[in-house]
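# Fold and contact review
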Amino acid sequence: MVAFRFLALLTVGLSLLTFVFLLNVSNARLEREALRQVVGEPFALQAGEPVSWTLDLGGSRVESAWPGEQRQPRLWVRAQPGAEIAARAEYRSEGGAVLLAALVDGERVVASADPDGLVGFGALWLSWEHPLTVEFEVLAGGDGGGEAVPFLSGQPSRNFTAARAISRTLWIVFTIIGAMGFAVLVATQRDLFGAPRGGARP
C-alpha cells in the first residue's frame, strides 16, 4: 500500500507539472505569433526609383502564412526620418493582371516617416489565393538617405487578447490547485514512506 500511495502521489505531481509545462509552451508560441513580422528586402532611399516586393501569403499551409491571432496586418517601411514614400499593393494573377487592390486606405497611399523612421500605409486585405505585390516609390529620401526596409506587422485581435488572458488565468489557477492538492496529499499521508502516524508501529 505504501508503494501504491507513493506511485499515485508521483503520478499526480508529474501530471500537474506536465500540464503546466504544456500550457506554458502553448502560451509562449501564441505570444511569439502575435508579435510576428514578415520582413522584405531592403531598398535604397533614392527618389524616383520604383521598388517591387512580392510575397505569397498562402504558401503550402494557410495557417503558417500569417498568424490567425492577429488582426489584418499593416504595411510599414522602416526608413530615415523625413522620408516620403508612396505604396501600391495589389493582388495579381499569374499573367500580371490586377485582381484586387490590397490597401484598405486606397489604391496608392503616400506617407511620411515619423521621428522614429516608421512609414505606415495602413491595413491590408488578406487573400490566400493570389500573390501580393507591393510597389514602393521613394518621393523624398529623408535625412541622410540610406536604406528602407518594408515589413508587415499586425496587432493582436480582441479574441486573441481575451483567450490569452483566460489562458494565463487558468495557468495560475491550476498551478495553485495543483500545489494545494499536492500539499494536502502529503499532509494526509504522513506514513507514506513507512513513518509512524502518531506512534510506533507494532
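Before reading further, recall that the structure is shown in the block above.
Attention in this report is confined to the structure presented alongside it.

Attention now goes to the pairing of strand β4 (residues 74-78). On β4, burial follows the alternation: L75 and V77 on one face are buried, whereas R74, W76 and R78 on the facing-out side are not. Bridge count between β4 and strand β8 (residues 118-123): four bridges; the pairing is antiparallel. Note on β8: the bridge partner recorded for R78 is L118. Sheet topology note: the β4/strand β10 (residues 147-153) ladder contains five bridges and is antiparallel. Considered in β10, the bridge of L75 is made with L152.

Right, let's get into the pattern of salt bridges. Tallied over the entire structure, the rule returns three salt bridges. Ionic pairing is found between R92 and E90, a salt bridge with its closest N-O pair at 2.9 Å. The buried category is assigned to E90, whose relative accessible area is 10%. R92 serves as the salt-bridge partner of E135, at 3.0 Å between the closest nitrogen and oxygen. Here E135 is found in strand β9 (residues 132-140), whereas its partner R92 is found in strand β5 (residues 84-92), with 43 residues between them in sequence. For E135, a relative accessible area of 31% corresponds to the partly exposed category. A single network of salt bridges, built from pairs that share partners, joins E90, R92 and E135.

Next up on the list: the environment of A86. If you trace the backbone, A86 turns up in strand β5. Relative accessible area serves as the criterion here: at 1%, A86 is assigned to the buried category. Ignoring any residue separated from it by four or fewer positions in sequence, one finds A86 in contact with R108, V109, V110, F121, E135, F136, E137 and L139.

Now for a nonpolar patch on the surface. There is a patch of nonpolar side chains on the surface, built from F19, I166, L170 and F174 and spanning about 360 Å² of accessible area. Residue placement: I166 occurs in helix α3 (residues 158-188). A relative accessible area of 53% means that I166 is categorised as exposed.

Grouped together as the largest cluster of nonpolar side chains are 28 residues, with contacts concentrated most on L75, V77, F121, L132 and F136. When residues of this core are traced back to their parent elements, those giving at least two are β3 (50-55), β4, β5, β7 (109-112), β8, β9 and β10. Beyond its immediate sequence surroundings of up to four residues, F136 is in contact with F43, E49, P50, V51, W53, L75, V77, I85, A86, A87, F121 and P150.

We now examine the environment of P73. On the secondary structure map, P73 appears in the loop between α2 (62-65) and β4. P73 gets classed as buried once you look at its relative accessible area, which sits at 0%. Between the C-alpha atom of P73 and that of A123, which follows or precedes it by 50 residues, the distance is 5.7 Å.

Here is what the cut-offs are and how they apply
- Residues numbered from 1 in each chain as written.
- Predicted model: local features only at pLDDT ≥ 70, side-chain atom pairs only at ≥ 80, totals over all residues.
- Heavy atoms only, no water.
- Buried < 20%, exposed > 50% of the residue type's maximum accessible area, 1.4 Å probe, protein only.
- Helix = DSSP H or I, 4+ residues; strand = E, 2+ residues; numbered from the N terminus.
- Pairing = 2+ DSSP bridges.
- Salt bridge = Lys/Arg side-chain N within 4 Å of Asp/Glu carboxyl O.
- Contact = heavy atoms within 4.5 Å.
- Patch = residues over 30% accessible without salt bridge, like charges linked within 9 Å, V, L, I, M, F, W, Y side chains within 5 Å.
- Areas by Shrake-Rupley, 256 points an atom, 1.4 Å probe, with all protein chains shown as cover.
- Core = buried A, V, L, I, M, F, W, Y, C linked by side-chain atoms within 4.5 Å.

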